[in-house]
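Chains, contacts and geometry: an overview
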Amino acid sequence: MGEIQVTGQLVGETVTVNKRPSYFVKNHPFYLMLAPAVLYFLIFRYIPLAGSVIAFKDYNIFKGIIASDWVGLQWFHQLFTFPKFVKLLQNTLLIGFYQIIFAFPAPIILAILMNELRMMKLKRVIQTIVYLPHFLSWTIVAGLVYMLLSVQTGLVNTVYVNLTGNEPINFLQNVHYVRTIIVSSGMWKEVGWGTIIFLAALTGISPSLYEASTIDGAGRWKQFVHITLPGLLPAITVMLLLKLGHVMDLGFEQIYPFLNPLTSEKADVFDTYTYRAGVVGGQYSFTTAVGLFKSVVGFTLLLVFNKASKVTTGEGLF
């Protein structure tokens, strides 16, 4: 850029001022690339938050949100005094924490095992195979589970009957198996996709650390404990906190295919109940209050565990 010379009152005194581009102008290509993501979150994430006011109104689709009558905390009182509230909360939290306990470590373990492969062709084939289920809809996944566990033609029951001679087990209509089926099917579908982040974290670990540890005589286990695991800890912490923040959001499409009158006692959660009450029953204000309650619980858990993580490991989201 050019320079401007400013001559003061004193003879011979010259001040040179450099005109530098602003940070925004200098980095405008990056802001342009960021703009679609910002617009997406504004339009589909932040603006719809204004609709949460329905939880405090007696919403009427003909009057609209603004003209509907205020009712205060009526719907929250109805939620907390609802006879099935405790059961819905228990089922939601249990399935959510089962997913954290069993499904969350699976992509970490898979990423570590895949990182140990030295045959790149084999590694790519395995990556492709484990990624594919992520692109299947939950309807297809539920259909595959039905084909696997069906009483008449399911592979599991066919093998079980042939080996033992006993009667087939009705897995899909047994209340004791439904949570296991939900968690394990979700794990199978998403474990490969979840490895992407942890594989990326593994590539960020400097190879020189492994070389130095090998010279010092460290074996593969000590390298894992002292290099790999600490290198993965920031990514694990962030992903775990995000998972805890969504512990109440199990997904209607994941639970509903396995829900029936025989399994609803342990599988009916807030997401499936809000579908029946809101979409089918038309109780829009009440189900909005349920969704707001879920968000508050998830946000509270996120704050608590983020603080605990900062104290214990020094890592956190904020």
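Relevant structure appears above.
Described below are features of the structure shown in this document. All figures in this text were calculated on a predicted structure; none of them were measured in a lab. (Residues numbered from 1 in each chain as written. Predicted model: local features only at pLDDT ≥ 70, side-chain atom pairs only at ≥ 80, totals over all residues. Heavy atoms only, no water.)

Moving on to the environment of Trp138. Looking at the element boundaries, Trp138 is found in helix H8 (residues 138-149). Distance from Trp138 to Gln254, taken between C-alpha atoms, is 5.9 Å for residues 116 residues apart in sequence. Setting aside chain neighbours within four positions, we find Trp138 in contact with Ser185, Gly186, Lys189, Glu253 and Gln254. (Helix = DSSP H or I, 4+ residues; strand = E, 2+ residues; numbered from the N terminus. Contact = heavy atoms within 4.5 Å.)

Turning our eyes to something else, we now look at the nonpolar core. Counting 20 residues, the largest nonpolar core has Ile108, Phe198, Leu199, Leu202, Leu232 and Ile236 as the members making the most contacts within it. Among the elements of the structure, helix H6 (105-115), helix H7 (120-131), helix H10 (178-203) and helix H12 (220-245) are those that each provide at least two residues to this core. In terms of residue count, the dominant contributor to this core is H6 (six residues). Apart from residues lying up to four places away in sequence, Leu202 is in contact with Ala111, Ile112, Asn115, Thr228 and Leu232. (Core = buried A, V, L, I, M, F, W, Y, C linked by side-chain atoms within 4.5 Å. Buried < 20%, exposed > 50% of the residue type's maximum accessible area, 1.4 Å probe, protein only.)

For the rest of this paragraph, the subject is the pattern of salt bridges. Overall, the coordinates contain seven salt bridges when judged by the stated rule. Here Lys63 ties to Asp69 by a salt bridge, and the two come within 3.7 Å at their closest N and O atoms. In this structure Lys63 comes out as partly exposed when scored by relative accessible area, which is 46%. In this structure Asp69 comes out as partly exposed when scored by relative accessible area, which is 43%. Among the ionic pairs, Asp271 bridges to Lys294, the shortest N-O distance being 2.4 Å. Taken as a pair, Asp271 in helix H15 (residues 270-280) and Lys294 in helix H16 (residues 284-312) lie far apart in primary sequence, 23 residues in all. Like Lys294, Asp271 is buried. (Salt bridge = Lys/Arg side-chain N within 4 Å of Asp/Glu carboxyl O.)

Let us now look at the packing of aromatic side chains. The geometry of an aromatic ring pair is captured by the separation of the ring centres together with the interplanar angle, meaning the angle of the planes. For the coordinates displayed, the defined rule picks out 20 aromatic pairs. Look at Tyr256 and Tyr275: their rings are 5.4 Å apart centre to centre, the planes differ by 65 degrees, and that puts the pair in the edge-to-face class. You can see Tyr256 sitting in the loop between helix H13 (252-255) and helix H14 (264-267) and its partner Tyr275 sitting in helix H15, a full 19 residues away along the chain. Looking at Tyr256, the relative accessible area reads 37%, which means it is partly exposed. Judged by relative accessible area, which is 28%, Tyr275 ranks as partly exposed. (Phe/Tyr/Trp six-rings, centres within 6.5 Å; stacked < 30°, edge-to-face > 60°.)

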